[in-house]
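Geometric and topological summary
Take a look at the letters that make up each chain.
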Amino acid sequence: LLLLLLLSAVACVLVLSVQGLYSPSDDVVDLSPSNFDREVMQSDSLWLVEFYAPWCGHCQRLVPDWKKAATALKGIVKVGAVDADQHKSLGGQYGVRGFPTIKIFGSNKNKPEDYQGGRSSQAIVDAAINALRSLVKDRMAGKSGGSDQSRQSGSGGGASKKDVVELTDDNFDQTVLNSDDVWMVEFFAPWCGHCKNLEPEWAAAATELKEQTKGKVRLGAVDATVHQVLASRYGIRGFPTIKVFRKGEDPEDYEGGRSRSDIVARALDLFSENAPPPELLEMLNEDVLKKTCEDHQLCIIAVLPHILDTGASGRNGYLEVMMKMAEKYKKKMWGWLWTEAGAQMELETSLGIGGFGYPAMAAINARKMKFALLKGSFSETGIHEFLRDLSVGRGSTAPVGGGALPKINAVEPWDGKDGELPVEDDIDLSDVELDDLGKDEL
């Protein structure tokens, strides 16, 4: 009897390991490398996906709630499950390290969010509805969904068609070699597993770089099994192979990591090597402020002392410090502005400038309508510490006063000269009887 029970238990484990935890009759969609791209990545629907292992006790206990949530959300939100023990490449692609791992594939399918909520059916449904609201809100705001994940050459491969340029034997020279932009080109094969793993990272990097470099660093992909002449020209022997192309220079091999952040970091280095420093603009009118702040992730604004307090040499010294910092942080693609103390009082009031004296500096995120103030010295060291903290998400922020960019007065540009005191009108004292001064009239 004991032997029969043992054999029965082993059989159950074997069945679980072969069949997974869900059946075709469930409302949970069984996902695998063969259907994941079609079902999830190319879908306009919101997806909740569980990555599990059949032997995992927590996964087994989640099954009834996951099924119940799937049934409740049927026709509203898609609910799927991946046997990540069997399909390790799919789990690895999304950084799955433990079971169960639940991810929400929403408006940007390239960047699924980790689900951190409870594991009851009610908690899962609540999270799904909240994510659905966010998806609808993004679409109402006109934000791109990033769900177009169709593959190059139709059958698989290295990149999204949206921001990754499909390159061929016919268009390569004109598109890449004759371009003034920097190109990072992936040579892939549709059957290559590493290429498939790279695809979402490559697509996400392309989208990020399109914004950060204003299209000056571009990502492309070549199906080397179709465009063999091109692959042969550049000596492609394995997949994926990534090469960097700069106009007038020999291509170089990309040897970095294959995550989105690694690709973006290398691309920004390439961009910064040739990019001029951002322009430092005087805030002459409202259009200058709006364009600079709305077109960049951050706009750095300095309020410099009045020209009568510093003279031209003092002001130029402050501007030189700002230009050095703009050069140092040019990879960030921030906007840089300056104005004179007292010229834009509504701006100073909305940012709380003045409490630390002049010169002052603030960084504005126009999308979030938040700002941070420089509280250290207006020097290369002080500003560097301020911007370094901002770039890694440290430092205190506050909402912009009034919840919107302030009104800006139109002013004349600085002429580069020292300031001049206003000329006072001469007073004619010839008719004044000095002896009468101080006498009271009766």
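Preceding block: the structure.
Here the structure is a predicted model, which is why all the values come from computation and not from measurement. (Residues numbered from 1 in each chain as written. Predicted model: local features only at pLDDT ≥ 70, side-chain atom pairs only at ≥ 80, totals over all residues. Heavy atoms only, no water.)

This brings us to the sheet that holds strand S15 (residues 370-373). One key point about sheets: their strands pair by backbone hydrogen bonds, in either a parallel or an antiparallel sense. Taken in spatial order, the 6 strands make up an open sheet running S11-S13-S12-S14-S15-S16, and their pairing is mixed. Unpaired on one side and paired on the other, strand S11 (280-282) and strand S16 (398-399) mark the two borders of the sheet. Sheet strands touched by helix H11 (residues 307-328): S11, strand S12 (299-304), strand S13 (335-340) and strand S14 (360-365). Its angle to S13, the strand with the most contacts, is close to 175°. Across the sheet, helix H13 (residues 380-391) is in contact with S12, S13, S14 and S15; its angle to S14 comes to roughly 15°. (Pairing = 2+ DSSP bridges. Helix = DSSP H or I, 4+ residues; strand = E, 2+ residues; numbered from the N terminus. Contact = heavy atoms within 4.5 Å. Axes fitted to C-alpha atoms, helices over the stretch in contact; angles between N-to-C directions.)

Before going further, it helps to examine the side chain of Arg315. Secondary-structure assignment places Arg315 in helix H11. A relative accessible area of 2% places Arg315 in the buried class. Polar contacts involving the side chain of Arg315 include one to the main-chain carbonyl oxygen of Pro305, which spans 3.2 Å. A polar contact of 2.6 Å, which involves the side chain of Arg315, links it to the side chain of Glu340. When residues no more than four places from it in sequence are discounted, the contact partners of Arg315 are Leu304, Pro305, His306, Ile307, Thr310, Trp338, Glu340 and Trp414. (Buried < 20%, exposed > 50% of the residue type's maximum accessible area, 1.4 Å probe, protein only. Polar contact = N/O pair within 3.5 Å; in protein donor to acceptor, adjacent residues only side chain to side chain.)

What follows covers the nonpolar core. Core analysis: the biggest nonpolar cluster contains 27 residues, and Tyr22, Val28, Leu46, Leu48, Trp66 and Ile124 have the highest contact counts within it. Of all the secondary structure elements, the ones that give two or more residues to this core are strand S2 (47-52), helix H3 (57-72), strand S3 (78-83), strand S4 (101-105) and helix H5 (121-140). Beyond its immediate chain neighbours, meaning those up to four positions away, Val28 contacts Tyr22, Trp66, Lys67, Ala70, Val79, Gly80 and Ala81. Among the nonpolar cores identified, the runner-up in size contains 26 residues, and Ala221, Ile263, Phe271 and Ala275 belong to it. (Core = buried A, V, L, I, M, F, W, Y, C linked by side-chain atoms within 4.5 Å.)

Right, let's talk about the sheet that holds strand S10 (residues 252-253) for a bit. Ordered by their spatial adjacency, 5 strands build an open sheet running S6-S8-S7-S9-S10, and the pairing between neighbours is mixed. A single partner strand is all that each edge strand has here, and the edge strands are strand S6 (165-167) and S10. Relative to strand S9 (residues 241-245), strand S7 (residues 182-188) runs antiparallel, the two being bridged by 5 bridges. Looking across to S9, one finds that Glu186 is bridged to Ile242. Sheet strands in contact with helix H9 (residues 260-274) are S7, strand S8 (217-223), S9 and S10, and its direction is about 145° off that of S7.

This part is about H13. Counted at 1.5 Å a residue, the expected span for H13 with its 12 residues is 16 Å, and the 16 Å between its end C-alpha atoms agrees. Among the residues making up H13, those that are buried are Gly382, Ile383, Phe386, Leu387 and Leu390. Buried residues in H13, looked at end-on, bunch into an arc of 120°, giving them a common side. Looking at the buried side of H13, the elements it contacts are S12, H11, S13, S14 and S15. A positive backbone phi angle near 80° is found at Gly393, which sits one or two residues after H13. (Expected span 1.5 Å × (residues − 1). Arc of directions from axis to C-beta.)

Looking now at the pattern of salt bridges. One pass over the full model with this rule turns up 20 salt bridges. Among the salt bridges present, the one from Lys324 reaches Glu380, with a minimum N-O distance of 3.2 Å. Of this pair, Lys324 sits in helix H11 while Glu380 sits in helix H13, placing them 56 residues apart in sequence. With a closest N to O distance of 3.2 Å, Glu327 and Lys330 form a salt bridge. For Lys330, a relative accessible area of 12% puts it in the buried group. Through salt bridges with shared partners, one network takes in Arg246, Glu249, Glu252 and Arg266. (Salt bridge = Lys/Arg side-chain N within 4 Å of Asp/Glu carboxyl O.)

Just distances and angles here, no functional claims.
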